[in-house]
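What follows is the residue order along each chain.
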Amino acid sequence: MQTISADYIYVGNGEVLKNYAIQFDEKGVIKAVLSPKEYAEKNIQPVHYPGALCPGFINAHCHLELSHLKGKIRKHLGVNAFIDALIPLQNYVPSEQEIAQAIVDMAKQGIVAVGDISNTKHTFRIKEKLSQIHIHTFIESFGLHPDKAQEKFFEALTLFHELKSQHKSLTPHAPYSVSKSLLKELLGYSCEERHILSYHLLESDTERQLFEKKQGKMYERLLEWFGNMDFFEPDTQNPVDEWIAHFPFDPAFPKSMMHILFVHNTFLNETELKKLMEHFAKSYFVFCPNANLYIENHLPDVDMFIRNKVKICLGTDSLASNDQLSILAEMQTLYKHFPHLDLNMLISWATLNGAEALYIDDKYGSIAVNKQPGILWLKNTTTHLNESTSVSRII
Ligand SMILES: [Zn+2]
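Computed from a predicted model, the values in this text were never measured in an experiment. (Residues numbered from 1 in each chain as written. Predicted model: local features only at pLDDT ≥ 70, side-chain atom pairs only at ≥ 80, totals over all residues. Heavy atoms only, no water.)

Trainee: Got a sec to walk through unusual backbone geometry? Specific residues and values, please.
Mentor: Keep in mind that most residues, glycine aside, have a negative phi and that most peptide bonds are trans. Residues other than glycine seldom take positive phi values, yet lysine 309 does so here, at roughly 55°. As for its placement among the helices and strands, lysine 309 is situated in the loop between α12 (302-307) and β13 (311-314). A relative accessible area of 74% places lysine 309 in the exposed class. Unusually for a residue other than glycine, asparagine 380 sits at a positive phi of about 60°. By the secondary structure assignment, asparagine 380 is in the loop between β14 (375-379) and β15 (390-393). According to the relative accessible area criterion, asparagine 380 is partly exposed, its value standing at 48%. (Helix = DSSP H or I, 4+ residues; strand = E, 2+ residues; numbered from the N terminus. Buried < 20%, exposed > 50% of the residue type's maximum accessible area, 1.4 Å probe, protein only.)

Trainee: Please set out the coordination of the zinc ion residue by residue, giving values where relevant.
Mentor: By definition of the ideal shapes, a tetrahedral metal site with four donors has angles of 109.5 degrees and an octahedral site with six donors has angles of 90 or 180 degrees. Around the zinc ion, the donor atoms from the protein are His61 (NE2), His63 (NE2), His200 (NE2) and Asp317 (OD), and they sit 2.1 to 2.8 Å away. One way to put it: the 4 donor atoms around the zinc ion meet at angles of 81 to 170°, and that makes the site irregular. The sequence pattern formed by the donor residues of the zinc ion is H-x1-H-x136-H-x116-D. Remark: histidine 200 occurs in strand β10 (residues 197-201) and histidine 61 occurs in strand β6 (residues 57-62); sequence separation between them is 139 residues. Histidine 200 matches histidine 61 in its accessibility class, with the two residues each being buried. (Donors = N, O, S within 2.8 Å, 3.2 Å for Na, K, Ca; no water. Tetrahedral: all angles 85-135°; square planar, octahedral: opposite > 155°, others 65-115°.)

Trainee: So what about the side chain of serine 348? Which residues, and what values?
Mentor: Mapped onto the fold, serine 348 is located in helix α14 (residues 343-350). Overall, serine 348 belongs to the buried group, its relative accessible area being 13%. Sequence-distant contacts of serine 348, that is, excluding residues within four places in its chain, are made with Gly12 and Asn353. (Contact = heavy atoms within 4.5 Å.)

Trainee: Before we move on, could you go through the packing of helix α5 (residues 149-162) against helix α6 (residues 180-192) and cite the residues and values that matter?
Mentor: Contact geometry of α5 with α6 gives a least axis separation of 8 Å together with a crossing angle of 35°. Taken as a pair, α5 and α6 cross one another with a handedness that is right-handed. Only Ser181, Leu182, Glu185, Leu186 and Tyr189 of α6 make contact with α5, whose side of the interface consists of Ala149, Gln150, Lys152, Phe153, Leu157, Phe160 and His161. A per-class count over the contact of α5 with α6 returns 7 nonpolar, 3 polar and 2 charged. (Axes fitted to C-alpha atoms, helices over the stretch in contact; angles between N-to-C directions. Left-handed = near helix turned anticlockwise from the far one by under 90°. Nonpolar A, V, L, I, M, F, W, Y, C, P; charged D, E, K, R; others polar.)

Trainee: Quick rundown of the sheet that holds strand β9 (residues 168-172)? Include the residues and the values.
Mentor: Strand order in the open sheet formed by 4 strands is β6-β7-β8-β9, and the pairing between neighbours is parallel. If you trace the sheet from one side to the other, it starts and ends with β6 and β9, each paired once. Put simply, the sheet's adjacent strands are angled 20° from each other on average, direction ignored. Running at roughly 155° to β9, α6 makes contact with β8 (134-141) and β9 of the sheet. Along the sheet, helix α13 (residues 327-337) contacts β6 and β7 (111-118); its crossing angle with β6, the most-contacted strand, is approximately 85°. (Pairing = 2+ DSSP bridges.)

Remember that the coordinates give geometry; whether it matters functionally is a separate question.
Printed below as a string of C-alpha cells:
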C-alpha cells in the first residue's frame, strides 16, 4: 500500500482537497482518501507531491487510424479543404508502429481512456494487443448518397463484428456525410443495442448553410464530388433538427437515455444547444480546441455551454489536425483563450465527464475508494494552468 499527498487534489467531480492524501494498492486501486488530521492520527507519512494531483485523463475523441498524418495537412484550411486534402492521404495505411506509438504517447500524457473513431480496421490488431489504455471504438459510418445506404450500413456492421472488443459502438459520422436512409439504419440498430453514439456536429458554419439554403463551400464541394445534389433532400433546414427528426422512437428505451457525444460543436448556437438538451438528457459536448484552431481557426462558444450547464468533455481529434495527443495541451489552449476558466471545472471536463460519457465511471474519472482511475501529478500548478504546467503519471 502506498500513500501520497499533494497541495491540491482535484477529485474529478468538482471537489478540491487541500493537503489530503490518497492510499492505493499495488494495482492502483484507491483504498482511502485521508484528511491531514486522519493521516497524522494514523501516523502515516505520505510521499508529498508539490502542485496538484488529479485522476487520469479521458480523451473523448480521437482517430488513431490517422496517426501517420502528423504535419501532412496545412493549418487553417477550413473543414472542406481539410477533407479534400485528407481523402487522398487516406490511401496510405498507417503502420502498426505508428498507431502503437500514438497509444504509448497518450498514456505518457496521462490519458487512461480514449473514445476512438474507426472507419477502417487498420487499428484493430494493435488495439486488441495493447492494454496501456482503455479504448472504446466508435465504428463510424458515412455515405451521403441514399442509394448506398444499405451497402454502407452492412460494411460498417461487418467492421463492428470484426473488432474483438466489447467496448465498441456503431455510429454515424456527421450531418453532411450521412444520408437520411443510412442515418435511420444506423440509429435504429445502435439505439436498439444501446450503443454510445458519437457524432461530429457543426465543425464548420458551412454545414449549417448546406441545410439552410443548399449553398456555401460545403455544398459546392459536395456538388463537385457527386456531380449533382438532387438526391440531397433533408426533411429540415438545420443539422440539429435533422438529427432529432430521424431519431427512432422507442418507448422501452427513450432517446433521453442514450449517451451521445456531440463532437466539436464549434459553430453550435444556443437555440440548437437547448434543443439537444431538451431531447437528449445524456448529451456530452466534446471540445477539441487544438483541432478546431488547426482546421477552422475558430473555437466553440465555451461560455455558452457553461451557462447552459451541459456536460463538457475534451478530445484531441487526430494527429492529422493536432501536433500532439495531449489532454493537458487541450486544457492549456482553452485556458489561453478563456483565462477566466476554473481549473477545477476544466479537470472535471478532462476526467469524470469523459468517463461518464464512455460508461466507464465505475473505474475511471474520479479519485474515490475502489476506483482505479490512474493518478496524475500536475507540476507547476496549484490553481491555475500555465504553459510550464506538465503532467506525469504516478499510477
Ligand atoms: Zn473527429
